[in-house]
Amino acid sequence: MAQEELRKEETLAMRNRLIGQSCKLFYSEDPVKIVRARGQYLFDENGKRYLDCISNVQHVGHCHPAITKAAAAQMDVLNTNSRFLHDNIVLYADRLAATLPQKLCVFYFVNSGSEANDLALRLARQYTQHEDVVVLDHAYHGHLMSLIDISPYKFRKLAGQKEWVHVAPLPDTYRGIYREDHPNPGQAYADTVKDLIEDVHKKGRKISAFFAESLPSVGGQIILPQGYFPKVAEYVHSAGGVFVADEVQTGFGRVGHHFWAFQLQGDDFCPDIVTMGKPMGNGHPLACVATTAEIAGAFTANGVEYFNTFGGTPVSCAVGLAVLDVIVEEDLRGNAVRVGAHLKDLLTKLKARHEIIGDVRGVGLFLGIELVIDREKKTPATEAGCSVIGVCPLYIRLKEEDQICVSTDGPWENVLKFKPPMCFGMENAELVVQCIDRILTVKHLPDNYNSRTHSQKLLKYCSLTSSGVGVTLSKLSCR
């Protein structure tokens, strides 16, 4: 029997009553009720279409028919505890191994990026027999208690920093301690980790692991300077620790030219442990830890069995295999290269037109625009500061006026981030930039301005402002 669909107001009222209030919605003041999706598009209960620039989880596109077909077909045959012998888990592990450096050859399947990072922490501690962890400032590695403890983004709002956690500066060459004009920022930032490790040793403590997102996301879509990871790994290994690369946000070809974001640091660089999650199941709860035979052997030697009831089930691995197939068959890495470069180029041209854009950075379909009130001082344009662009912050106006869903991040929530499904196209990129340009150009609209009743005026503004970013208006609309 089909469930009768609730009105949006009823759904919201029930959510407010039944779901924990710390579980925040996007656009919490006026949330969007999404009832279906396809590709890079979301649809609300009234059939209104939204362009999705947020959902990096639906990596190859919402409701991809190849993924749903693979999941349904395997579910119809078998889905059981992963402790039974089955082909899918080994076939999937073999396919993953082909994308990674040769020494990363042992896999543990779990359900989420948080589980993966928690297991990575256990592996590191068992192998090194040390406790302490070095992390980057503003990092986020998951919602389990063990990971809150190594996530400055979270623990600074809670109980604070544990004695065994040590925070290194975020290698941000835009607003960090070493910037674009430094002759070798990668070495300089790596040396801050070296100094930190020396301080740890002076306290009589020892390092088990260095944890880092291959491209820090919550920190503000940061692109790390070249040479940083290899030098840090050298220092961490000298201290008896291991290097953990968190690819939960950035793996599976999002950066385009490489399958994994850590590969941006050079062909010779290889972490000791890689964690993956979100994109690998295209919305299905699937995650993984990849590591070396030596580290896995030490974990086995402790004599304690590890199992994960739902990690690596036949259905999960069928979904994972289908995702890998779609990435190849639809050349989604090539699409990330082409569309990402086009989007970045358009945004860079936009920066030349609008002082509020302090920096444009990114690679592939992992991009960020940092908004500032003062370019020279790099004063963050926080939500309050965004009043300079009109009635409400940019990301809200994109949703209200243009049905484009984006989100913000960074320590001051002033970085507009783009991590869309990998099927995101050229026209999608052009539309986003066109609409941002219009909003930033029309700075002083009245408080009662409503795009729905002034659509002709909006199109006029688009015509006036689009020439600076090379958008073809005959193909696009700001609506």
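Residues numbered from 1 in each chain as written. Predicted model: local features only at pLDDT ≥ 70, side-chain atom pairs only at ≥ 80, totals over all residues. Heavy atoms only, no water.

Chemist: How should I be thinking about the pattern of salt bridges in this particular structure?
Modeler: Opposite charge on two side chains lets them pair, provided their charged atoms get close. For the structure on display, the rule yields 25 salt bridges. Residue Lys399 is joined to Asp30 by a salt bridge in which the shortest nitrogen-to-oxygen separation is 3.5 Å. With a gap of 369 residues between them, Lys399 in helix α12 (residues 394-402) and Asp30 in the loop between α1 (8-18) and β1 (34-38) connect regions that are remote in the sequence. Taking relative accessible area as the criterion, Asp30 reaches 36% and is therefore assigned partly exposed. A cluster of three or more residues bridged by salt bridges with shared partners is formed by Lys8, Asp30, Lys399 and Glu400. (Salt bridge = Lys/Arg side-chain N within 4 Å of Asp/Glu carboxyl O. Helix = DSSP H or I, 4+ residues; strand = E, 2+ residues; numbered from the N terminus. Buried < 20%, exposed > 50% of the residue type's maximum accessible area, 1.4 Å probe, protein only.)

Chemist: How should the packing of aromatic side chains be read in this particular structure?
Modeler: Two measures describe an aromatic ring pair: the distance that separates the ring centres and the angle between the ring planes. Applying the stated rule across the entire model yields 16 aromatic pairs. The interplanar angle of 85° and the centroid separation of 6.1 Å between the aromatic rings of Tyr108 and Tyr306 together place this pair among those described as edge-to-face. One end of the pair, Tyr108, is in strand β4 (residues 106-110); the other, Tyr306, is in the loop between α9 (293-301) and α10 (314-329), and 198 residues separate them in sequence. Under the relative-accessibility criterion, Tyr108 is labelled buried at 12%. Considering the side-chain rings of Phe229 and Phe243, the 4.9 Å spacing of their centres and the 70° angle between planes classify their relative orientation as edge-to-face. (Phe/Tyr/Trp six-rings, centres within 6.5 Å; stacked < 30°, edge-to-face > 60°.)

Chemist: It is not clear to me how the pairing of β4 should be interpreted in this structure. Could you clarify?
Modeler: Each regular strand carries side chains that alternate between the two faces of the sheet. Counting buried residues along β4, 4 of its 5 residues qualify, which places the element largely inside the surrounding structure. By the bridge criterion, 5 bridges tie β4 to strand β10 (residues 287-291) in an arrangement that is antiparallel. Looking at the pairing, Val106 lines up with Thr291 of β10. (Pairing = 2+ DSSP bridges.)

Chemist: What should I look at first to understand the packing of helix α7 (residues 185-202) against helix α8 (residues 228-238) in this one?
Modeler: A pair of packed helices is characterised by two quantities: the angle between their axes and the separation of those axes. Relative orientation of the contacting elements α7 and α8 amounts to 20°, with a least axis distance of 8 Å. In terms of their interaxial angle, α7 and α8 are classed as roughly parallel. Handedness of the crossing formed by α7 with α8: right-handed. The residues of α8 that touch α7, namely those facing Gly186, Gln187, Tyr189, Ala190, Asp191, Val193, Lys194 and Ile197, are Tyr228, Lys231, Val232, Tyr235 and Val236. When the residues that make up the contact of α7 with α8 are grouped by side-chain class, the tally is 8 nonpolar, 2 polar and 3 charged. (Axes fitted to C-alpha atoms, helices over the stretch in contact; angles between N-to-C directions. Parallel < 35°, antiparallel > 145°, perpendicular 65-115°, else oblique. Left-handed = near helix turned anticlockwise from the far one by under 90°. Contact = heavy atoms within 4.5 Å. Nonpolar A, V, L, I, M, F, W, Y, C, P; charged D, E, K, R; others polar.)

Chemist: Please explain the side chain of Ser316 as it appears in this structure.
Modeler: Mapped onto the elements of the fold, Ser316 is located in helix α10. Separated by 3.1 Å, the side chains of Ser316 and Thr313 make a polar contact. (Polar contact = N/O pair within 3.5 Å; in protein donor to acceptor, adjacent residues only side chain to side chain.)

Chemist: Where do I start with the sheet that holds strand β8 (residues 242-246) in this structure?
Modeler: To summarise the sheet geometry, strands pair through backbone hydrogen bonds and adopt either a parallel or an antiparallel arrangement. The mixed open sheet is built from 7 strands, whose spatial order is β4-β10-β9-β8-β7-β5-β6. Edge positions in the open sheet fall to β4 and β6 (165-168), since each of these has one partner strand only. Within this sheet the neighbouring strands show an average axis-to-axis angle of 20°, counted without direction. Each of β4, β9 (273-276) and β10 touches helix α3 (residues 87-97); the most contacted strand, β4, lies at about 120° to it.

What is shown is where atoms sit, not what they do.
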